[in-house]
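Structural characterization, general
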Amino acid sequence: MVASVAAAARRLQRALGRSLSWRGPSRRPLSSEPPPAPATAVRDAFLSFFRDRHGHRLVPSASVRPRGDPSLLFVNAGMNQFKPIFLGTVDPRSEMAGFRRVANSQKCVRAGGRHNDLEDVGRDLSHHTFFEMLGNWAFGGEYFKEEACSMAWELLTQVYRIPEDRLWVSYFGGDPKAGLDPDLESRDIWLSLGVPASRVLSFGPQENFWEMGDAGPCGPCTEIHYDLAGGVGAPQLVELWNLVFMQHNRETDGSLQPLPQRHVDTGMGLERLVAVLQGRHSTYDTDLFSPLLNAIHQGCGAPPYLGRVGAADEGHTDTAYRVVADHIRTLSVCIADGVSPGMSGAPLVVRRILRRAVRFSMEVLQAPPGFLGSLVPVVVETLGDAYPELQKNSAQVARLVSEDEAAFLASLQRGRRIIDRTLRRLGPSDVFPAEVAWSLSLSGNLGLPLDLVELMLEEKGVRLDSAGLERLAREEAQHRAQQAEPAQEQGLRLNVHELGELQRRGVPPTDDSPKYNYFLRPSGGYEFGACEAQVLQLYTEDGSAVTSVGGGQRCGLLLDRTNFYAEQGGQASDRGYLVRTEQQDVLFPVAQAQLCGGFILHEAVAPECLQVGDQVQLHVDKTWRLGCMEKHTATHLLNWALRQALGPGTEQRGSHLNPERLRFDVATQAPLTPQQLQAVEDTVQEAVGKDEPVYVDEVALALTAHIPGLRSLDEVYPDPVRVVSVGVPVAQALDPACQVALQTSVELCCGTHLLRTGAVGDLVIIGERQLAKGTTRLMAITGEQAQQAREVGQSLAQEVKAVTERLSRGSRDVVEAQRLSKDIGRLTDAVDTAVMPQWQRRELQATLKVLQRRANTAIRKLETGQAAKKTQELLERHMKGPLIVDTVPTESLSGVTPAFTAEAWALAVCSHMGGKAWGSRVVAQGTGNTADLESALSTARAYALNQL
């Protein structure tokens, strides 16, 4: 083993080839000379060192998509995958339970959530949204401070050959407020390793005390820093490696308790380490990035990358280089790990990252269309050997990147024109209107990330109306809350008089057939076309008919045709925007569409003049629409699965859906059992896994009566009516002699649906409740949210298994038993509130209820034994004369059945003392005058003797 480490070290040293003198940022193309120490050699040397010389087990990097941890958007540190070990919740039968010494290189993403570097990327020479974390761990006291510090020092100075005089260390200097002493042990270890006292620095908890969260394992840390100045002038220290010693547990009340088992958790960023070994001030000047920067230069024709920042970076060219290089790495890793661009959570962050990359590549670097996708092979070339999933999924990654880039380009160009047009109308001191920025954003219509809009304005020296944006964000949150339930006369509507006037004028009903004009591209994405229409009538907020609107006015629009889905059949309304055909640089946001007597009224905001007779072009919010389609098809599958599990007589009582979740009311004779809920999910999963086609046809209403087992609601359907059939062509389902319709979902429906079931991804029922006798309401989620819910459920199930194992082993003392009881209570709260499969929640709740009873019984037994032992000790010490037994409950006196209550005894004694008492049958307390204790003791003895 030692030989293989030495071999790795020699290869690394040959790669270094020369001294580690620092050089400033290059002002020439990075391809002018090869990097001295390849990053792959640096990574390999780290892993070989810990595996071969110090007996560590190498584990692969976890996915950047957290498994069963809803507190994280992305894995952002090497320790994330080992949290069950730190928390003591690891399944004792799992492979992880056997980990003692472990090392790896972990893929990390810091974009969104608590740790977010997204908006800093490109502005300087060091920030990244994706980075690699080299780490080694010791679990359960396998080794601790001395070994961890010695290994780190050995690797840096002997394998990587970093000069010792360039390294400084820091340690925890204590926290008197928290009652924590300085970590003098770590200080002394560094001194014993030869670090001069002048380069051993002491810092407080902000710098050198690491905590996982508000509660949980924590401890002091010691950091190794590198001096960029190299002894010339004042030191310029950058953190290189952080060694965390987990020895405390932060309780929910804020107190610190010692951990029963101590752990070591270290982390060192590969990018910064490579920069040190290659003698570069910037991580972007290393061979982790130079192939990408060269590919960007060749593909765009932009000036070569020169490493400039701030005012020196004219035209923001170098900033764009860094943004595109960083973001394409992040996108490649995330998509390869299953986090694709989406509309909420981590997928929404990925969507933001992709659109930022598109903007910088197209507008600053003048890249040709499809450019970003062409960079994916370069990422695979640099990272694929370390992370094989990149090689496996490279084609899919490139396809998704190219598709989203193409879809976003038109919006980006339109957004730029709108910004320029708005700026021309502003005065020198005006702020950019929040309403315009919101209409451009991911929350509005064009899908530009707000931080990107703000950056585009910043480049022009214009401030954004931040207060206005906050107000609009609050209004959006309220709107989403309202959409969680069906609209009850919300928004603008046409009353009977207005409808009569339209009919009198001979205005035909709105042609909304274009809402079905969408198709599936060969690559798998959906294409939604725009719709050309004419304004037939305008209405003010109070319902008055007018011929024109404008000036930011909220209004209702009646058009001759539309591609917007108006809320009906339980499906939420579309949203989006429209533009005038002759002036496409002004967006008219459309918040919703309502069906009123055959007419569809669009609720919109008119930033400028809009008149009756204007020709307009309508664009639906594609992400919102796709989310509704996904949920609607899932609702049909859920309805069919319920009939399969509960019987063919099962009836739907209603439903409502939006892109976030779906709600389904079903007639039931009794609450669904966990087994039935699981069976329903399994049936839906099977249909989704088959990726069956969804057939839709309009047929005469009379013909639908012949469809065997047709599911329809008690409502009026149009004639002809749309029939939605999963996996079976509608014509085949209409055949009375054919029974295939009994084996799949066939319903009458006017909603918009997926064209194949596979896009549902998954379905999880996350809640149920009884609305009334005989009616159960189910709440469900799909896709990425459903997968995360399953992972949360699996994680909590493992925690329950782990706590069951702890309970079976027994507790050594009352304190340990009480801690276990608290953990069961915490776990019960987590299961009660988590977004997870409802069938699994109910099973775990039943298990935890039993565990809590067993834990409480164990505590009482330990307390009884403890009290009996203490009482015996007191009796042995005071065999003669009177004896006061204090704070020992009567139930703890082993073998003695009390003949009177503690409260009655205390009341008799304290009344004699002129005081009062209170308590229970077992424990009591009181007050009184203590001037004559002998008399009080006599009263206590007399009362007890009289009762026994």
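Residues numbered from 1 in each chain as written. Predicted model: local features only at pLDDT ≥ 70, side-chain atom pairs only at ≥ 80, totals over all residues. Heavy atoms only, no water.

Let us look at the overall build of the protein. Secondary structure assignment for the protein yields 25 helices and 29 strands. By the burial criterion, 52% of the 948 residues in the protein qualify as buried. Here the analysis covers contacts within the protein between residues at least 6 apart in sequence; of these, 72% occur between residues at least 24 apart. Charged side chains of the protein number 97 positive and 112 negative; the gap between the two group centres comes to 3 Å. (Helix = DSSP H or I, 4+ residues; strand = E, 2+ residues; numbered from the N terminus. Buried < 20%, exposed > 50% of the residue type's maximum accessible area, 1.4 Å probe, protein only. Contact = heavy atoms within 4.5 Å. Lys, Arg positive; Asp, Glu negative; His and termini not counted. Charge placed at Lys NZ, Arg CZ, Asp CG, Glu CD.)

Now for the packing of helix α9 (residues 317-336) against helix α10 (residues 345-364). Viewed as axis vectors pointing N to C, α9 and α10 meet at an angle of 145°, and their least axial separation amounts to 9 Å. Considering the relative orientation of α9 and α10, their crossing is left-handed. For the pair α9 and α10, the contacting residues are T317, T319, A320, V323, V324, H327, T330, L331 and C334 in the first and V350, I353, L354, R356, A357, F360, S361 and V364 in the second. The class makeup of the residues in the contact of α9 with α10 is eleven nonpolar, five polar and one charged. (Axes fitted to C-alpha atoms, helices over the stretch in contact; angles between N-to-C directions. Left-handed = near helix turned anticlockwise from the far one by under 90°. Nonpolar A, V, L, I, M, F, W, Y, C, P; charged D, E, K, R; others polar.)

Let us look at the nonpolar core. L156, Y160, I162 and W241 are the most contacted members of the largest nonpolar core, which totals 125 residues. The biggest single contributor to this core is α9, with eleven residues. In this structure, A572, V688, L754 and A780 belong to the second largest nonpolar core, which totals 54 residues. (Core = buried A, V, L, I, M, F, W, Y, C linked by side-chain atoms within 4.5 Å.)

Below, the discussion takes up the environment of R110. By secondary structure assignment, the location of R110 is in the loop between β2 (101-109) and β3 (130-138). Looking at R110, the relative accessible area reads 23%, which means it is partly exposed. Counting along the chain gives 236 residues from R110 to A346, while the straight-line C-alpha distance between them is 11 Å. In terms of polar contacts, R110 uses its side chain to reach the backbone carbonyl oxygen of N76, at 3.0 Å. (Polar contact = N/O pair within 3.5 Å; in protein donor to acceptor, adjacent residues only side chain to side chain.)

Here E791 shows up in helix α21 (residues 783-809). Setting aside chain neighbours within four positions, we find E791 in contact with R65, P66, R67 and G68.

This next bit is on the sheet that holds strand β24 (residues 721-726). The sheet built from three strands is open, its strands ordered β23-β24-β25 with antiparallel pairing. Two strands bound the open sheet, and with one partner strand each, they are β23 (694-699) and β25 (746-748). Here the average twist between neighbouring strands, direction ignored, is 20°. Across six bridges, β23 lies against β24 in antiparallel orientation. Bridge pairing in β24 places E698 opposite R722. (Pairing = 2+ DSSP bridges.)

Now for the side chain of E154. Tracing the sequence through the fold places E154 in helix α4 (residues 145-159). Overall, E154 belongs to the buried group, its relative accessible area being 17%. A distance of 2.4 Å separates the side chain of E154 from the side chain of R53, its partner in a polar contact. Apart from residues no more than four positions distant in its own chain, E154 is found in contact with F49, R53, H54 and V159.

These figures capture arrangement, not role.
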